[in-house]
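# Chains, contacts and geometry: an overview
Given next are the chains, with one letter for each unit.
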Amino acid sequence: MDRHPLCVTPDRSLLDVVTLMSQRSPDNLLASESSTSISPTAIAKRSSFALVIDDDQLVGIITERDVVRLTAQGVSFAQILVTDVMTRNVTTLHESEIQDAFHVLNLFRRQRIRHVPVVDDQSQVVGVLTQTDLHNSLQATDLLKLRQVGEVMSSQVISAPPEATVLQLAEQMKTHRVSCVVIVESESIPQASSSIVRPLGIVTERDIVQFQALELTL
């Protein structure tokens, strides 16, 4: 569990939040000025989410998927506040409910979410669990060593040509509810009078967050 989640206030601009998500630093963790408990490892990684805290209470969440959705809608990140676009009524778990990793995984699947804040008896946030956290704890190499790639891979790959704009990629991610788009090009095979599709690279939700943080023209 991430015990030092990225937290922001509802009155922050969305551009501020995606900048913090793309490059975490001590001052974006909403810790009190006197706090000295932030560990270096907690601030070294990018965040796939930001909790929205108002008066010490959890009121919403912003995730990478939200950033992609809002990008596809053409929202101006510099001119809109977090409170206007955050997901409200956030699904949470009590500390006593996180002992069973498979219970949490089932929650992720049922709710179609990838982040769940963990709260104590006073409904105060004590951390956040993500799918990545659970996969790491479940020792996936042991669980999947008898499975073949063909059994678990996604066969419906969403792709786009190199000439596609980032905005078009965000629209595809939103429409198909995927976290990435594979960039491909067609390569002709003269002898066979046909062509094959060759992958060149990939663009992910995290890339979209980074592009918004850099204020690039999408």
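We now turn to the structure provided with this report. (Residues numbered from 1 in each chain as written. Predicted model: local features only at pLDDT ≥ 70, side-chain atom pairs only at ≥ 80, totals over all residues. Heavy atoms only, no water.)

### Structural notes on the overall build of the chain
The condition that has to hold: Helix numbering and strand numbering both begin at the N terminus, where a helix is a DSSP run of H or I of at least 4 residues and a strand a DSSP run of E of at least 2. The buried label goes to any residue with under 20% of its type's maximum accessible area, the exposed label to any with over 50%, and the partly exposed label to all in between, with areas taken from a 1.4 Å probe on protein chains only. Pairs of residues are marked as contacts when any of their non-hydrogen atoms sit within 4.5 Å. Accessibility throughout is a Shrake-Rupley quantity obtained with a 1.4 Å probe, and a residue counts as covered only by protein chains that appear here.
Within the chain, the secondary structure is distributed over nine helices and nine strands. Residue burial in the chain is summarised as follows: out of 218 residues, 35% are buried. When contacts within the chain are restricted to residue pairs at least 6 apart in sequence, long-range pairs at least 24 apart make up 56% of them. A total of about 13000 Å² of accessible surface is found on the chain, and carbon and sulfur atoms cover 48% of it.

### Remarks on the pairing of strand E8 (residues 180-189)
Regular strands place their side chains on alternate faces of the sheet. This is how it is decided: Strand pairing is defined by DSSP finding a minimum of two bridges between the two strands.
Alignment of strand E7 (residues 159-160) against E8, held across two bridges, turns out to be parallel. Each residue of the ladder has a partner; that of Ser-159, found in E8, is Val-182.

### Observations concerning the sheet that holds strand E3 (residues 57-63)
Pairing in this open sheet of three strands is mixed, and the strands run E1-E2-E3 from one edge to the other. Since the sheet does not close on itself, it has two edges, and those belong to strand E1 (7-8) and E3, each with one partner. The pairing of E1 with strand E2 (residues 49-54) spans two bridges and is classified as parallel. The residue of E2 that forms the bridge with Cys-7 is Leu-51.

### Thoughts on the packing of helix H2 (residues 64-72) against helix H8 (residues 166-176)
Stated formally: To obtain each axis, a line is fitted to C-alpha atoms, and for helices this fit is confined to the stretch in contact; angles are then taken between N-to-C directions over 0 to 180 degrees. Oblique is the label for any angle not covered by the other classes, which are roughly parallel (under 35 degrees), roughly antiparallel (over 145) and roughly perpendicular (65 to 115). We call a crossing left-handed when the near helix sits turned anticlockwise from the far one by less than a right angle, and right-handed when that turn is clockwise. In the scheme used here, Gly and all other residues not listed as nonpolar or charged are polar, with Ala, Val, Leu, Ile, Met, Phe, Trp, Tyr, Cys and Pro taken as nonpolar and Asp, Glu, Lys and Arg as charged.
Two elements in contact, H2 and H8, have axes separated by 8 Å at closest approach and are oriented at 120°. Regarding the angle of H2 to H8, the classification is oblique. Seen from above, H2 lies across H8 with left-handed handedness. Here Val-68, Arg-69, Thr-71 and Ala-72 of H2 come into contact with H8, specifically with Leu-167, Ala-170, Glu-171, Met-173 and Lys-174. Split into classes, the residues belonging to the contact of H2 with H8 amount to five nonpolar, one polar and three charged.

### A closer look at the pattern of salt bridges
Applied cut-off: Salt bridge criterion: a side-chain nitrogen from Lys or Arg within 4 Å of a carboxyl oxygen from Asp or Glu.
Under the criterion given, the structure shown has seven salt bridges. Asp-66 is the salt-bridge partner of Arg-69, the closest N and O atoms lying 3.2 Å from each other. Of the two residues, Arg-69 and Asp-66 are both situated in helix H2; the distance of three residues between them amounts to about one turn of the helix. Judged by its relative accessible area of 27%, Arg-69 is partly exposed. Judged by its relative accessible area of 8%, Asp-66 falls in the buried class. Residue Glu-185 is joined to Arg-198 by a salt bridge in which the shortest nitrogen-to-oxygen separation is 2.3 Å.

### Here's the deal with the pairing of E2
Burial analysis of E2 places five of its six residues in the buried class, the great majority of the element. In this sheet, E3 lies alongside E2 in antiparallel orientation, the contact comprising six bridges. Looking at E3, one finds that Asp-54 is bridged to Gln-57. In this antiparallel pair of consecutive strands, E2 and E3, the connection spans two residues, and Asp-55 shows a positive phi of 55°.

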